[in-house]
Amino acid sequence: MTGFPLLLDLAGRRVLVVGGGAVATRRVGPLVEAGADVVVVSPSVTDEILALRVQVRPRGFETSDVDGAWLVVACTDSPDTNAAVAEVAAAARIFCVRADQAASGSARVPAVLQRDGLTVSVNGGDDPRRATALRNAISVALDLGELPVRPSRSAVVGEVALVGGGPGDPDLITVRGRRLVAAADVVVVDRLAPRGILDELPDDVEVIDCGKSAHRHNMTQGEINAVLVERALAGKRVVRLKGGDPFIFGRGGEEWLACVAAGVPVTVVPGISSALAAPAAAGIPLTHRGVAADFTVVSGHLDPGRGPDDVVNWPGLAAITGTLVLLMAMDRLEQIAAALIEHGRAPQTPAAVVRRATLPDQQVVRAPLDRIAKAAAEAGVGSPAVVVVGDVVGVLHLDSNDGLQESNTWG
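Residues numbered from 1 in each chain as written. Predicted model: local features only at pLDDT ≥ 70, side-chain atom pairs only at ≥ 80, totals over all residues. Heavy atoms only, no water.

### So, the overall build of the protein chain
Then, in step 1: For the protein chain, the helix and strand inventory stands at eleven helices and 18 strands.
Then, in step 2: Taken over C-alpha atoms, the radius of gyration comes to 30 Å for the protein chain, far larger than the 22 Å a tight globule of 411 residues would show.
Then, in step 3: Here the C-alpha coordinates of the protein chain stretch approximately 90 × 50 × 35 Å along the principal axes.
Then, in step 4: Across the 411 residues of the protein chain, 44% fall into the buried class.
Then, in step 5: Contacts in the protein chain between residues far apart in sequence, at least 24 positions, make up 62% of those at least 6 positions apart.
Then, in step 6: Accessible area for the protein chain stands at about 20,900 Å²; split by element, carbon and sulfur atoms hold 53% of it. (Helix = DSSP H or I, 4+ residues; strand = E, 2+ residues; numbered from the N terminus. Rg over C-alpha atoms; globule rule 2.2 N^0.38 Å. Buried < 20%, exposed > 50% of the residue type's maximum accessible area, 1.4 Å probe, protein only. Contact = heavy atoms within 4.5 Å. Areas by Shrake-Rupley, 256 points an atom, 1.4 Å probe, with all protein chains shown as cover.)

In structure tokens form, the structure reads like this:
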């Protein structure tokens, strides 16, 4: 078709829909969402239309039905009725959409995508399948941050999003997380965040590397909190991009509280924690019927020999029958394994270390608990890594060689 594309403000304006079947149902819902005063004319209508509480005239079409309408939609299963509706609408100088023969109407309904104040309308030359396919492709590109659609706005109070970037592979960040990164004015990024997606950002996006690691701190937590608040109060869209999940050993709670205290809108986008992803990437199910019905995730960054000051209940962890997942434990893996064995965990309990899970250079080392630290050291496996302790380590592993270093099969 040839024509002039435009958006219609239908809020409070009458729209006549002639027909009450499946096609009418698809048209009425968006019209109601647009605030239109919808009148449906049809001897029968679907339950979905009735649930929308629009005005229904349970009869056939009459010429006077178009009176007062700003738009008419003809979508009965009768071509003759639809043609008559279009003819009456044309005589009254009212635009009409024909669902059965688009070219015979004076208006078209495009395939529509709405996202964060953005509206994309696609007409496929009166080919609805073509229009829908392109609309869906645009939707995916927006979700992946592949289109330059960062909104502009005046300098008012901005917002902060605490985004979990997942275990490492950029493909494993959530769709919403990736979309927020693509729309950000400022990205404050951790060392273990999926940094590959930063390469796709425009040059005017400010990237702040806080680079926190066990032995190096580019920024203190207080400084990070201050940056988030300062940039947001300057009207910026700020993304705090973390590895894993913001609320699992990520200090996301502290950042949330700092934003709330400063009156900054803040939201959290969950991410796939390495506690879940690393075992899965290594072929280790954290639970398995008849083997383990629960798992426990523990921070291993404290020395288990600290005594009463230790916040981790190592005797209790040694007594559990489920799976134990240790994060940030590589520097103290030998002491942790010894503590678990001292408190009753069997020395031959299967254990594994998964380093750089989901990335091309992923490494997996398996050994009994009493030898896992030595096996990891001999294989040159250090941080970042996740340790798994429990019978599930070998449940899917057919090769029982202790201390085996495996090649990465992820992706």
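### Let's talk about the pattern of salt bridges
Then, in step 1: What the rule picks out here adds up to 16 salt bridges.
Then, in step 2: Among the salt bridges present, the one from Arg231 reaches Glu230, with a minimum N-O distance of 3.4 Å.
Then, in step 3: Note that Arg251 is salt-bridged to Glu254, the shortest N-O span being 3.9 Å.
Then, in step 4: On the basis of relative accessibility, which here comes to 44%, the residue Arg251 falls in the partly exposed class.
Then, in step 5: Through salt bridges with shared partners, a single network forms among Arg57, Arg59, Glu62 and Asp65. (Salt bridge = Lys/Arg side-chain N within 4 Å of Asp/Glu carboxyl O.)

### Quick word on a nonpolar patch on the surface
Then, in step 1: The grouping of Phe247, Trp256, Leu257 and Val260 at the surface amounts to a nonpolar patch, some 390 Å² of accessible area in total.
Then, in step 2: Checked against the element boundaries, Leu257 lands in helix H7 (residues 252-261). (Patch = residues over 30% accessible without salt bridge, like charges linked within 9 Å, V, L, I, M, F, W, Y side chains within 5 Å.)

### Things to note about helix H8 (residues 274-281)
Then, in step 1: Within H8, burial applies to Ala275, Ala277, Ala278, Pro279 and Ala281.
Then, in step 2: Contacts made by the buried residues of H8 are with strand E13 (295-299), strand E14 (323-327), strand E15 (350-355) and strand E17 (385-389).
Then, in step 3: At the N-terminal boundary of H8, the capping side chain belongs to Ser273, with an oxygen 3.1 Å from the backbone nitrogen of Ala275.
Then, in step 4: Within two residues after H8, Gly283 carries a phi angle of roughly 75°, on the positive side. (Polar contact = N/O pair within 3.5 Å; in protein donor to acceptor, adjacent residues only side chain to side chain.)

### A word on the sheet that holds strand E1 (residues 14-18)
Then, in step 1: If you trace the five strands from one edge of the open sheet to the other, you get E3-E2-E1-E4-E5, paired in parallel fashion. Sheet topology places strand E3 (55-57) and strand E5 (95-98) at the edges, where each strand pairs with a single neighbour. Strand-to-strand twist in this sheet, taken as the mean axis angle between neighbours without regard to direction, amounts to 20°.
Then, in step 2: In the sheet, E1 pairs with strand E2 (residues 37-41) via five bridges, with the strands oriented parallel. Within E2, the position partnered with Arg14 by the bridge is Asp37.
Then, in step 3: Its contacts with the sheet put helix H3 (residues 79-91) on E1, strand E4 (71-74) and E5, and the angle it makes with E5 is roughly 165°. (Pairing = 2+ DSSP bridges. Axes fitted to C-alpha atoms, helices over the stretch in contact; angles between N-to-C directions.)

### Section: the packing of helix H6 (residues 221-233) against H7
Then, in step 1: At a minimum axis distance of 9 Å, the contact between H6 and H7 shows a crossing angle of 45°. Classified by the interaxial angle, the pair formed by H6 and H7 is oblique. Crossing handedness for the pair H6 and H7: right-handed. Here Gln221, Ile224, Asn225, Leu228 and Val229 of H6 lie close against H7, whose contacting residues are Glu254, Glu255, Ala258 and Cys259.
Then, in step 2: Residue classes in the contact of H6 with H7 are distributed as five nonpolar, two polar and two charged. (Parallel < 35°, antiparallel > 145°, perpendicular 65-115°, else oblique. Left-handed = near helix turned anticlockwise from the far one by under 90°. Nonpolar A, V, L, I, M, F, W, Y, C, P; charged D, E, K, R; others polar.)

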